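Chain by chain, the residues:
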Amino acid sequence: MKVSFLASEAIPYCKTGGLGDVVGSLPYSLTSLGLEICLFLPFYLDIQQKNLPLHKIAELNGRWQGKEIKVPLWESKLSPFRVVFIQNDAYYAREGLYGTPLGDHPDNAERFSFYCLFSLEAMKTIGFKPDIIHAHDWQAACSLAYLRYLYKEDHFFKSTRTLFTIHNLAYQGLFPPEVIEKVGLPAQVFHWKEMEFYGQVNFLKAGLIYSDAISTVSPTYSREIQQPEYGYGLDGVLRERSSVLFGILNGIDQSIWDPEKDPLLPFHFNSQDLSGKRKCKEELLRYFKLPTDLIEKPLAGIVSRLANQKGFDLLIESLESLFSLGLRLVILGQGEKKYQDLLLDLQKEKRNFLRVKIAFDESLAHLIIAGCDFFFIPSRFEPCGLTQMYSLRYGTIPIVRAVGGLEDTVVEFDPLTLRGNGFKFKEYSTQALIEATKRALAVYSQPNLWSSLIKQAMAADFSWEKTAQEYIDLYRRIQKF
Ligand code: ADP
Ligand code: GLC
C-alpha cells in the first residue's frame, strides 16, 4: 500500500511541537510494517540550512496565480521512506515555519495551499500514485479541497482515498474569503457546508468535509471535540461525521526517547539503576544555577509551547502554593510573549524556587525530562500530548489535567494497590492542581511507594509498533469506501 503523508513539519527536518515528532516517526513503523510512504514537506529555510544530504530530483512546471512557474523538488535519503521537499523560496526561505514572535506570516494561506497543490503535482511528477493521502492539520487540509475540485477527473488519483488527522482543532487556518480565488479554489467552496466558517474561509474544515475519514490523536479527544466545550465551533461538523471519526493514540519513538541510550543526556539510566537519573538531576540544578544540595528536594519541570492551551494561567496562579509545599520548578518554553514576560518576571521574584529558559532547546528538553522528579501538564485541552509519555519513560512522574490524551495515558497512582503511573486532576482550578500535587508529594516522601511508582511509570509501552497497526487497519477500511 502506498501512502502520501502531507504535513507541515517532521523530525529530523523541522519541528515546532508534537506534530513534528509524530509525522517524523510514525512513517518509520508503517514502513517496517510493509507500507510505502512518501512524505511531502515545504522546503523551509530551516531545512536548507541544516546541510542535509539532499538532492534535486525534478523541476516541476506548474501554474500558480496565473503565471507559469517552475517548482524544484528535492529528496532526502536520510529516512528509510521517501521524503520530498517542495521548493518555493519566496514562501519558505524565511525565518519561522508559521510566523515569527511578532505574529503569523501574513501569506500563510498562500504558503500552505501552494504546498498542498504542488505536493499533489509532485506525486504525479515522481510517479508516486498513492492508495491513501494522509493529510495532517490545517496546513495540509487544502490538498483535499484541490483533490475534490481540481483533480476530480484525474485518472492518476482515481483510486486514491483520504484520511485527515486532527492534531489540534484550535488551529484552523482562518482567512478572509478573498484567499479562495488567490489559491485557485472554486468559489463554491465558500458555502456553510464546505469551507465557509462565520464569514471566513476555514482551511481545517476542508480536511473535515472533503476527507473519506477523519482521525484524531487520542480516543478521549475524539469524543471531546464533538462537544461544544472542546469543538472550537466545529463540533457540529464533527458530530455529523462521527461514523468516520476515529481516535488513535499517538506513539512515541522509543529509540529517540530511551533513558539508556539518549545521546542528548550526560548520564544514562534504567528502572533497575536510577543513579544516572540522580546525576541528570544534579546536572539540571547546575544548569539552572540552583544549589545542588536541592538534590533531595522535589523538582518539577515543564517543556512546552507557551500557549493558552497549555494552562499557564492556572499554573502561574498556583505557584505560590506549590512553592510553599517545598517544590522547585524549571520551565523551558517558547511562544506567546505575554507568558514569556510573565514567567521571566516571576523568576526574578522567586529565584529560589523557579527557573525559566525561553528557547527551543532540544538538549535541555531531554535533560529536564530526565532530571526532574515531576512533570506538569495542566492543559486546558490536550489532543494527545507527548511529553507525559516521554516523562514516564524517564521515570519522571506526570501531574496532568485529565483531558484528551493525558486522560488516556496517565493513570492516577493508588498507594494501596500500587497501580498507576502519575497524578491527575479534572477541574480546571488551582485547588485541583494543588491537591494533585499534594498527593504526588505524599508519595514522593515515602521511598518504597516512590520507587514502585517510578518502576511502574518506566514500564509503560507507548511505542508506535502498538498503534501503527491501527492506522494500517484504518487505511484498509478507507480503501473499501
Ligand atoms: P504540542 O504539540 O501541543 O506542542 P506535545 O506534547 O505533543 O505538545 O509535543 C511537544 C513537543 O515539542 C515535544 O517533543 C516537546 O519536547 C517539544 N517542545 C516543546 N517546547 C519545546 C522547547 N521550548 N524546547 C524544546 N522542545 C520543546
Ligand atoms: C498537537 C497537540 C498535541 C499532540 C500533537 C501531536 O500539537 O497539541 O497534544 O500531542 O499535536 O499529535
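It should be noted that the structure appears before, not after, this text.
Residues numbered from 1 in each chain as written. Chains lettered and ligands numbered in written order. Predicted model: local features only at pLDDT ≥ 70, side-chain atom pairs only at ≥ 80, totals over all residues. Heavy atoms only, no water.

(A) Molecular detail of the pattern of salt bridges. The full count for this structure, using the stated rule, is 21 salt bridges. Across the salt bridge formed by Glu75 and Arg82, the nearest N and O atoms sit 2.9 Å from each other. A relative accessible area of 3% means that Glu75 is categorised as buried. The partly exposed category is assigned to Arg82, whose relative accessible area is 29%. (Salt bridge = Lys/Arg side-chain N within 4 Å of Asp/Glu carboxyl O. Buried < 20%, exposed > 50% of the residue type's maximum accessible area, 1.4 Å probe, protein only.)

(B) Quick peek at the packing of helix α5 (residues 137-149) against helix α7 (residues 203-210). Where α5 contacts α7, the two axes come as close as 7 Å, and the packing angle between them is 50°. Comparing their axes, α7 and α5 come out oblique. Handedness of the α5/α7 crossing: left-handed. Contacts from Trp138, Ala141, Cys142, Leu144, Ala145, Arg148 and Tyr149 of α5 reach α7 at Phe203, Leu204, Ala206, Gly207, Ile209 and Tyr210. Taken together, the residues of the contact of α5 with α7 sort by class into 11 nonpolar, one polar and one charged. (Axes fitted to C-alpha atoms, helices over the stretch in contact; angles between N-to-C directions. Helix = DSSP H or I, 4+ residues; strand = E, 2+ residues; numbered from the N terminus. Parallel < 35°, antiparallel > 145°, perpendicular 65-115°, else oblique. Left-handed = near helix turned anticlockwise from the far one by under 90°. Contact = heavy atoms within 4.5 Å. Nonpolar A, V, L, I, M, F, W, Y, C, P; charged D, E, K, R; others polar.)

(C) Spotlight on the environment of Ala90. As for its position among the elements, Ala90 is in helix α3 (residues 89-92). The class of Ala90 is exposed, set by a relative accessible area of 61%. With 21 residues separating them in the primary sequence, Ala90 and Arg111 have C-alpha atoms 9.0 Å apart.

(D) The arrangement of the packing of aromatic side chains in detail. Tallying each qualifying case throughout the model produces 32 aromatic pairs. Note on Tyr28 and Phe81: the rings are 5.4 Å apart at their centroids and 90° apart in plane angle, and the pair reads as edge-to-face. With Tyr28 in helix α1 (residues 18-32) and Phe81 in the loop between β4 (67-76) and β5 (82-86), this residue pair connects regions lying 53 residues apart in the sequence. On the numbers, 5.1 Å between centres and 80° between planes, the contact of Tyr287 with Phe288 is edge-to-face. Taken together, the ring pairs in this structure connect Tyr44, Trp64, Tyr91, Tyr92, Phe114 and Phe118 into an aromatic cluster. (Phe/Tyr/Trp six-rings, centres within 6.5 Å; stacked < 30°, edge-to-face > 60°.)

(E) Layout of the site of ligand 1. Taken together, the neighbourhood of ligand 1 is formed by 20 residues, with Gly18, Asp21, Arg305, Lys310 and Ala359 sitting nearest. A distance of 2.9 Å separates an oxygen atom of ligand 1 from a polar atom in the backbone of Leu386. Computed on the free molecule, ligand 1 has an accessible area of 560 Å², of which 93% lies beneath the protein chains in the complex. Of all the secondary-structure elements, those providing two or more residues to the shell around ligand 1 are α1, β15 (299-306), β16 (328-335) and α15 (387-393). Per element, the largest residue contribution to the shell around ligand 1 is three residues, and it comes from β15. Of the residues that constitute the shell around ligand 1, the class distribution is seven nonpolar, seven polar and six charged. Three or more residues apiece are contributed to the shell around ligand 1 by two domains, here domain 1 (2-251 + 465-479) and domain 2 (275-461). (Near = heavy atom within 4 Å. Polar contact = N/O pair within 3.5 Å; in protein donor to acceptor, adjacent residues only side chain to side chain. Areas by Shrake-Rupley, 256 points an atom, 1.4 Å probe, with all protein chains shown as cover. Domains from an automatic or database assignment.)

(F) Quick look at the state of the cysteines. Following the criterion strictly, the structure yields zero disulfides and no others. Of the cysteine sulfurs around Cys38, a residue in no disulfide, the closest is that of Cys14, at 15 Å. There is no disulfide at Cys280, and the cysteine sulfur nearest it, in Cys372, is 10 Å away. (Disulfide = S-S within 2.5 Å.)

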